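# Summary of the model geometry
Chain residues, written in single-letter form:
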Amino acid sequence: ARRSWRERLSGSVFSRGISTLFSRHPKLDDSLLDELETTLITADVGIEASTSLVETLRKRMHKREFADADALLRALRQELIALLKPVQTSLDIAGHKPFVVLTVGINGAGKTTTIGKLARRWRDEGKQVLLAAGDTFRAAAVEQLKTWGERNQVPVISQGQDADAASVIFDALQAARSRHADVLIADTAGRLHTQGGLMDELGKIARVLKKLDADAPHEVLMVIDGTTGQNAVNQVRQFRQIVGVTGLVVTKLDGTAKGGVVFALAREFGLPIRFVGLGETATDLRVFDAEAYVDGLLP
Ligand code: GDP
């Protein structure tokens, strides 16, 4: 399984940058660290996380802790893992029945795909899954979810076009309870006419869910496109002002992604990264694993 993380991550700017740096520049000196800093910043790790990481390593180098560039690389691995470990907290859906997952995030982030992958994962674990087509702003989103549900024998609760999202999700939770479903995954709009509109809608959804279950939603899962760099960080900041995000999914980290945004997000928010998307098929949504991720990036 470890190898497959590397296969998916080896095309990233992060991975290619580090491997080029350490193959071409094996001499342990300050210029190696300067180039490392540039490489990390280029890979979307973020200025703060990059400089802080490199300064930690520089101090250790000046104390002669590293015999050679390989020792530095091992220390880099440790530091990167230490940055990600605190956000490696997997999503446990056993505590509530039905467990209600509200998925949020802007259009194109991979929300629908992620909902499909999660539904498959939990269904394959023997859980009874129900989906709520709560992105009533886009007719295509409702259709996409319904098509996915039909193909995978997962029921989807939806209403007509322009239905009230809170009403769809309320109905879906009632259905999930009467069917004794284990988990309800609700889609929501990725953009309304205004940020105020989105805020009102998500607020209303949370309020009506609480009428049926005071603890719901049990997870507000924000889906972020991992190729969007600093923009991804800004999106999380914005959504957190709208709704209490409790976990993140970072998608599209396969292929030619930069790969470093996960570190920037970990440092900036400390929010659990529940899953990462390493491809388009169902099994490509992986439970986030700090060591596997870092080992996938490093030579
Ligand atoms: P939504 O608008 O947020 O619902 O986005 P979609 O779920 O429709 O996804 C947008 C595009 O991103 C689709 O073409 C997906 O196949 C693609 N996508 C989603 N997750 C991943 C991923 O982890 N890796 C790759 N390579 N593509 C992904």
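Above: the structure in question.
Residues numbered from 1 in each chain as written. Predicted model: local features only at pLDDT ≥ 70, side-chain atom pairs only at ≥ 80, totals over all residues. Heavy atoms only, no water.

Our focus in this paragraph is the sheet that holds strand β5 (residues 219-225). Taking strand neighbours across the sheet as the criterion, the eight strands line up as β3-β2-β4-β1-β5-β6-β7-β8 in an open arrangement whose pairing is mixed. This sheet does not close on itself; its edge strands, each paired only once, are β3 (156-157) and β8 (285-287). Pairing between strand β1 (residues 99-104) and β5: four bridges, direction parallel. What sits directly across from V101, in β5, is E219. Sheet strands touched by helix α6 (residues 111-124): β1, β2 (129-132), β4 (183-186), β5, β6 (247-251), β7 (273-277) and β8. Its angle to β8, the strand with the most contacts, is close to 60°. (Pairing = 2+ DSSP bridges. Helix = DSSP H or I, 4+ residues; strand = E, 2+ residues; numbered from the N terminus. Contact = heavy atoms within 4.5 Å. Axes fitted to C-alpha atoms, helices over the stretch in contact; angles between N-to-C directions.)

One pass over the full model with this rule turns up 21 salt bridges. Between E48 and R267 there is a salt bridge whose closest N-O contact spans 3.6 Å. Taken together, the residues E48 in helix α4 (residues 47-62) and R267 in helix α11 (residues 261-269) connect sequence positions 219 residues apart. For R267, a relative accessible area of 39% translates into the label partly exposed. A salt bridge links D187 to K111; the nearest nitrogen and oxygen atoms lie 2.9 Å apart. (Salt bridge = Lys/Arg side-chain N within 4 Å of Asp/Glu carboxyl O. Buried < 20%, exposed > 50% of the residue type's maximum accessible area, 1.4 Å probe, protein only.)

Turning to the pairing of β2, a few remarks are in order. Here β2 shows no split at all, with V129 and L131 on one side and L130 and A132 on the other all buried. Pairing geometry for β2 and β4, over four bridges, is parallel. Residue pairing across strands places A132 opposite A186, the latter belonging to β4. Bridging between β2 and β3 involves two bridges; their strand directions are parallel.

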